[in-house]
Amino acid sequence: GMPGSPDAQPKSGAGQPARPPALSGGPAPESFALIEQAHDPILVWDLEETVLLWNAGATRLLGWSGAEARGRKVADLVVPDPALLAEARQRVLAQG
């Protein structure tokens, strides 16, 4: 159609940020952006304890940039209480 005509609208999803493959089926890109910008530290890791998301708040608190943290084991970056980590893992396995 002609520019400015109703059929000249971009296709749905055009220009949308791609969701990282590790988070497919996860939060929508808009939610992902909100998490990245949150002041509070937010870390997301998978069942193998590999960091998938590390926001600016986590960088302020722990010193690692998101680029440095993503793909590494959370235990290499943060020293959590092993009992709490094991409990959280079991809860995720039991409840999904």
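Calculation criteria
Residues numbered from 1 in each chain as written. Predicted model: local features only at pLDDT ≥ 70, side-chain atom pairs only at ≥ 80, totals over all residues. Heavy atoms only, no water. Core = buried A, V, L, I, M, F, W, Y, C linked by side-chain atoms within 4.5 Å. Buried < 20%, exposed > 50% of the residue type's maximum accessible area, 1.4 Å probe, protein only. Helix = DSSP H or I, 4+ residues; strand = E, 2+ residues; numbered from the N terminus. Contact = heavy atoms within 4.5 Å.

**A short note on the nonpolar core**
- Listed in full, the six residues of the largest apolar core are Val51, Trp54, Ala58, Ala69, Val74 and Leu77.
- Mapped onto this core, the elements with two or more residues apiece are strand E2 (51–54) and helix H4 (74–77).
- Contact partners of Val51, with chain neighbours within four places excluded, come to Val44, Trp45, Ala69, Arg70, Gly71, Arg72, Val74 and Leu77.

**Remarks on unusual backbone geometry**
- The phi torsion at Glu49 lies on the positive side, around 65°, for a residue other than glycine.
- Turning to its location among the elements, Glu49 is positioned in the loop between strand E1 (43–45) and E2.
- The class of Glu49 is partly exposed, set by a relative accessible area of 23%.

**Some details on the side chain of Thr50**
- Along the chain, Thr50 turns up in the loop between E1 and E2.
- For Thr50, a relative accessible area of 17% corresponds to the buried category.
- Excluding residues within four positions of it along the chain, Thr50 makes contact with Val44, Trp45, Gly71, Arg72 and Lys73.

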